[in-house]
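As a plain string of letters, each chain reads:
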Amino acid sequence: MADSVLEAYLRSVRDDAADTVVLLDRAVHAAAPVDAAIKWGRLTYAVGGDFHHWICGISVTQKAVTMTFHFGGLLPDPEGEFRRGSSAFGRMLDYPSPESVDDSVVERRVREAVGALEYFKANWTAIAAGGSGGTR
């Protein structure tokens, strides 16, 4: 029997990050029907296998487990939960421990991202060029 994508990814991360990764993976799958794969060194989630327009990914750094939202810059963030990345679109949530994971936040963010997917796919070129950027 083949390993699951999660099991394969867990073999590549620090032992003390595994519980956090498992909790985040569970919350992502609870939020939406997504496919998972290891892409770009992270556990990556997409709708309908469309990893070109991936929803979010989980990666492990020395200090935290980071959840990156591919087009998080288009999502509302009145709570100031996101950390801005180096790209125009990417936004991150950092989890230093399993206790820091709030399932409701992760699930809400994943649902928002899935809901914005079609908008992103239709408008990403214009947004990247400086058009109607920001939250939708």
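Residues numbered from 1 in each chain as written. Predicted model: local features only at pLDDT ≥ 70, side-chain atom pairs only at ≥ 80, totals over all residues. Heavy atoms only, no water.

Another point: the overall build of the protein. On a plain count of helices and strands, the protein comes out with three helices and six strands. Counted from the first residue to the last, the protein has its helices and strands arranged as α-α-β-β-β-β-β-β-α. Its C-alpha atoms give the protein a radius of gyration of 14 Å, within 12% of the compact-globule value 14 Å for 136 residues. Principal-axis analysis of the C-alpha atoms gives the protein an extent of 45 × 35 × 25 Å. Within the protein, the proportion of its 136 residues that are buried is 43%. A separation of at least 24 residues holds for 50% of the contacts in the protein among residues at least 6 apart in sequence. (Helix = DSSP H or I, 4+ residues; strand = E, 2+ residues; numbered from the N terminus. Rg over C-alpha atoms; globule rule 2.2 N^0.38 Å. Buried < 20%, exposed > 50% of the residue type's maximum accessible area, 1.4 Å probe, protein only. Contact = heavy atoms within 4.5 Å.)

Turning our eyes to something else, we now look at the environment of Val 101. Following the sequence through the fold, Val 101 ends up in the loop between strand 6 (91-95) and helix 3 (103-128). Non-local contacts of Val 101, meaning those with residues more than four positions away in its chain, are made with Thr 20, Leu 23, Leu 24, Tyr 95 and Val 106.

Here the focus is the side chain of Thr 44. Relative to the helices and strands, Thr 44 resides in strand 2 (residues 42-46). Taking the relative accessible area as the measure of exposure, Thr 44 reaches 0% and is therefore buried. At 3.1 Å, the side chain of Thr 44 forms a polar contact with the backbone oxygen of Arg 42. (Polar contact = N/O pair within 3.5 Å; in protein donor to acceptor, adjacent residues only side chain to side chain.)

A separate point is helix 2 (residues 18-31). The end-to-end C-alpha distance of helix 2 is 20 Å, a good match for the 20 Å that 14 residues give at a rise of 1.5 Å each. Those residues of helix 2 that sit buried are Ala 18, Thr 20, Val 21, Leu 24, Asp 25, Ala 27, Val 28 and Ala 31. Against helix 1 (5-10), strand 2, strand 3 (56-60), strand 4 (65-69), strand 6 and helix 3 lie the buried residues of helix 2. (Expected span 1.5 Å × (residues − 1).)

Attention now moves to the nonpolar core. Soluble globular proteins: nonpolar side chains tend toward being buried together. Counting residues in each nonpolar core, the largest one holds 35 residues, and the members touching the most others are Met 67, Phe 71, Val 106 and Val 110. Put simply, the parts of the chain that give this core at least two residues each are helix 1, helix 2, strand 2, strand 3, strand 4, strand 6 and helix 3. Sorting elements by how many residues they give to this core places helix 3 first, with eight residues. (Core = buried A, V, L, I, M, F, W, Y, C linked by side-chain atoms within 4.5 Å.)

What follows covers the confidence of the model for the protein. Of all residues in the protein, 93% have pLDDT values of 70 or greater, and the mean over the chain is 90. For the protein, helix 3 is the element with the lowest average pLDDT, namely 90, and strand 2 is the one with the highest, namely 98. (pLDDT = per-residue confidence, 0-100.)

Strand order in the open sheet formed by six strands is 1-2-3-4-6-5, and the pairing between neighbours is antiparallel. Two strands in the sheet have a free side with no partner beyond their single neighbour: strand 1 (35-39) and strand 5 (83-84). Bridge count for strand 4 against strand 6 is five bridges, and the pairing is antiparallel. The residue bridging Thr 66 from the neighbouring strand is Asp 94, located in strand 6. (Pairing = 2+ DSSP bridges.)

Below, the discussion takes up the pattern of salt bridges. In the structure shown here, the tally under the stated rule is 11 salt bridges. Across the salt bridge formed by Arg 109 and Glu 112, the nearest N and O atoms sit 2.9 Å from each other. Residue Arg 109 and its partner Glu 112 are both found in helix 3; the two are separated by three residues, about one turn of the helix. For Glu 112, a relative accessible area of 22% gives the class partly exposed. Note that Lys 121 and Glu 118 form a salt bridge whose closest N and O atoms lie 3.5 Å from each other. Taken together, the residues Lys 121 and Glu 118, both in helix 3 and three residues apart, mark about one turn of the helix. Accessibility expressed as a relative area gives 31% for Lys 121, which makes it partly exposed. (Salt bridge = Lys/Arg side-chain N within 4 Å of Asp/Glu carboxyl O.)

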